[in-house]
Every structure is written in C-alpha cells, then in structure tokens.
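# Descriptive structure summary
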Amino acid sequence: MFQGCTNLRKVVMPDLQKCTRTDYMFFCTQRGHRNWGSLETVDLGTLPSTTDATFMFYGQQKLKSISLPDLSNLKTSNCMFYDCINLQDASLKKLDNLDIATDMFYNCTNLVNVELDDMPSLTNANQMFAKCTSLEYPPTLTTPNLANVGYMFYLCENLNSVIFNGASFGLN
C-alpha cells in the first residue's frame, strides 16, 4: 500500500476492520537498496481481520512506538518490525491465532518495552527478538505450542531473564 514511500511521516487509518492483509504495508526498501522509512506516527485502530503482517513496518527507522490493540486473526508476523532500530515500545494485543513470528522484532536495537498478549498458537519464534540489544525483560511468554525457538534472543546483550509458561530461567 505505502511500499517505498520513504518520506511518509504520519498515517491515520482508524477503520481497517475488514482488512485481511497488511503485509508489506509500510515496507521501505527498493530494488535491493535500502531507503529507510520516515514514518513517525501510526494510528491504525484495530486490525481484527488481518491474517498476514509480514514485513509490515520493515525499515521504518523513525518509528518509536506502536500500539495494535486487536490482532485477533493474525497468523503470520514474519519480519513485521525488522530493522525498526528506533522502536522503543510495542504493544500488540489479542494474539490468540499467531502461529509464526520469525524475525518479528529483528534488529530493533532500542526496543525496551514489549507488551504481548498470550500466544497459545505460536509454534515458530525463530529470531523473534534477535539483536534487540536494549531489551532486558521481554514479556512473559505464554506459548504452550512453541516448537522453534532457534536464536530467539540472539545477541540480546542486556537480557536478564525470560519467563515461558510460568517457568523462569536466567541467561547469565
């Protein structure tokens, strides 16, 4: 929809109730050359029908915070916030159907606060928080079906602890 719009700074689209796909919506790279996005403010309201958010905000390096209160049908979020290096706060709600979240927050080096609802359907979280070097305490992850956690917290240098399904372990 806005792929390659490198000067876009603000988007307000409060009524996306019927939008089923938001993949590549704000993706910012063109023909192999990275032209980083300028998106600073996003208000998308709720996205209850969205099933695929792959590469949705890829390369939006000025985005500092995001709140998506209803992702109840989201199944795939691969690279959703990939290289959003200035993203500090993310709140994603109603993630009951999320199955694949590979590279979701990859290289979000300033990410500090992440609020994620329970993800009972999540099976693949490969590199989900890889290279999130500022992340100390990720959210409690209620993910009873999680099978692939390869490199999930790769190079998260400041990570202190992680809680999966109520079990906690240190990473020192």
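What counts and how
- Residues numbered from 1 in each chain as written.
- Predicted model: local features only at pLDDT ≥ 70, side-chain atom pairs only at ≥ 80, totals over all residues.
- Heavy atoms only, no water.
- Salt bridge = Lys/Arg side-chain N within 4 Å of Asp/Glu carboxyl O.
- Buried < 20%, exposed > 50% of the residue type's maximum accessible area, 1.4 Å probe, protein only.
- Helix = DSSP H or I, 4+ residues; strand = E, 2+ residues; numbered from the N terminus.
- Disulfide = S-S within 2.5 Å.
- Phe/Tyr/Trp six-rings, centres within 6.5 Å; stacked < 30°, edge-to-face > 60°.
- Pairing = 2+ DSSP bridges.
- Axes fitted to C-alpha atoms, helices over the stretch in contact; angles between N-to-C directions.

## Here's the deal with the pattern of salt bridges
In total, this model carries 4 salt bridges according to the counting rule given. Measuring nitrogen to oxygen at the nearest pair gives 2.6 Å for the salt bridge that ties Asp23 to Arg21. Assessed through its relative accessible area of 19%, Asp23 is described here as buried. In this structure, the salt-bridge partner of Glu115 is Lys93, at a minimum N-O distance of 2.4 Å. Placement of the pair is Glu115 in strand S5 (residues 113-116) and Lys93 in the loop between strand S4 (89-92) and S5, with a sequence separation of 22 residues. Through salt bridges with shared partners, a single ionic network connects Arg21, Asp23 and Asp52.

## A word on the state of the cysteines
This structure, assessed with the given rule, holds 0 disulfides. Free of any disulfide, Cys79 has its nearest neighbouring cysteine sulfur in Cys108, separated by 10 Å. Here Cys132 stays free of any disulfide, with the sulfur of Cys108 as its closest cysteine sulfur at 5.1 Å.

## Examining the packing of aromatic side chains
Overall, the coordinates contain 14 aromatic pairs when judged by the stated rule. Taken together, the aromatic side chains of Phe2, Phe26, Phe57, Phe81, Phe105, Phe129 and Phe153 make up a single cluster linked through ring pairs.

## A word on the sheet that holds S5
Pairing within the open sheet is parallel, and its 3 strands lie in the order S3-S4-S5. Each edge of the open sheet carries a strand with a single partner, namely strand S3 (65-68) and S5. Strand-to-strand twist in this sheet, taken as the mean axis angle between neighbours without regard to direction, amounts to 5°. In this sheet, S4 lies alongside S3 in parallel orientation, the contact comprising 4 bridges. Paired with Ser67 across the strands is Ser91, a residue of S4.

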